[in-house]
Amino acid sequence: MVVKIHFKKSNKVIEVFPGNTLLHIAKENDIFMPSPCGGNARCGGCRVKIFEGNDLEDISAEEYLKLSDEKIQEGYRLACSYIVKEDIVVDR
Ligand code: FES
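Before going into details, it helps to say that this report is about the structure given with it. (Residues numbered from 1 in each chain as written. Predicted model: local features only at pLDDT ≥ 70, side-chain atom pairs only at ≥ 80, totals over all residues. Heavy atoms only, no water.)

1. A short note on the packing of aromatic side chains
Inclusion rule: The criterion for an aromatic pair is that two Phe, Tyr or Trp rings (for Trp, the six-membered ring) have centres within 6.5 Å, with stacked assigned to planes under 30 degrees apart, edge-to-face to planes over 60 apart and tilted to the rest. Working rule: Lys NZ or Arg CZ, within 6 Å of ring centre, within 35 degrees of ring normal, means a charge sits over the ring.
Going through the model one piece at a time under the given rule, you end up with 0 aromatic pairs. Between Lys8 and the ring centre of Phe51, over which it is positioned, the NZ or CZ distance is 4.8 Å. Above the face of the Tyr76 ring, Arg47 is positioned so that its terminal group lies 4.6 Å from the ring centre.

What follows is the structure, given as structure tokens:
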């Protein structure tokens, strides 16, 4: 089963198999996403907003450390921690 990721700003819809991080998928598809810490969930630089499909039950401890509760409720996630499992719409 493939899932669709709609990168709004880049105006791209990419179909992938679930299981990789959003940062990994973005890099593989030439969608710029800053990652100063190299994808180790330490800098917060890969923060993205997910408009649809965000599963809040999956939030990692690192995301709780780097994102405020308010930002999490607004749909922000760390792309290097977010494992894509279903169709999503992202602000990048
Ligand atoms: S790349 Fe640094 S927190 Fe994701």
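Still more ground to cover, so stick around.
2. Some words on the environment of Lys85
Counted only if it meets this: Numbering goes from the N terminus for both helices and strands, where a helix is a DSSP run of H or I of at least four residues and a strand is a run of E of at least two. Only protein chains enter the accessibility calculation, which uses a 1.4 Å probe; a residue is then buried when its area is under 20% of its type maximum, exposed when over 50%, and partly exposed in between. Between two residues, a contact is recorded if the distance between any of their heavy atoms is within 4.5 Å.
Looking at the secondary structure, you find Lys85 in the loop between β4 (76-78) and β5 (88-90). Taking the relative accessible area as the measure of exposure, Lys85 reaches 38% and is therefore partly exposed. Spatially, the C-alpha atoms of Lys85 and Ser68 are 23 Å apart, while their sequence positions differ by 17 residues. Each residue touching Lys85, except ones within four places of it in the same chain, is listed here: Met1, Val3, Pro18, Asp55 and Asp58.

3. Digging into the side chain of Glu63
So the rule is basically this: Two N or O atoms count as a polar contact when they lie within 3.5 Å, although within protein this holds only if one can serve as hydrogen donor and the other as acceptor, and sequence-adjacent residues are included solely when both atoms are side-chain atoms.
With respect to the helices and strands, Glu63 occurs in helix α2 (residues 61-66). Taking relative accessible area as the criterion, Glu63 reaches 0% and is therefore assigned buried. Within the structure, Glu63 has its side chain in polar contact with the backbone nitrogen of Leu78 (distance 3.0 Å). With near-sequence residues (within four places) excluded, Glu63 lies in contact with Asp58, Ile72, Arg77, Leu78 and Ser81.

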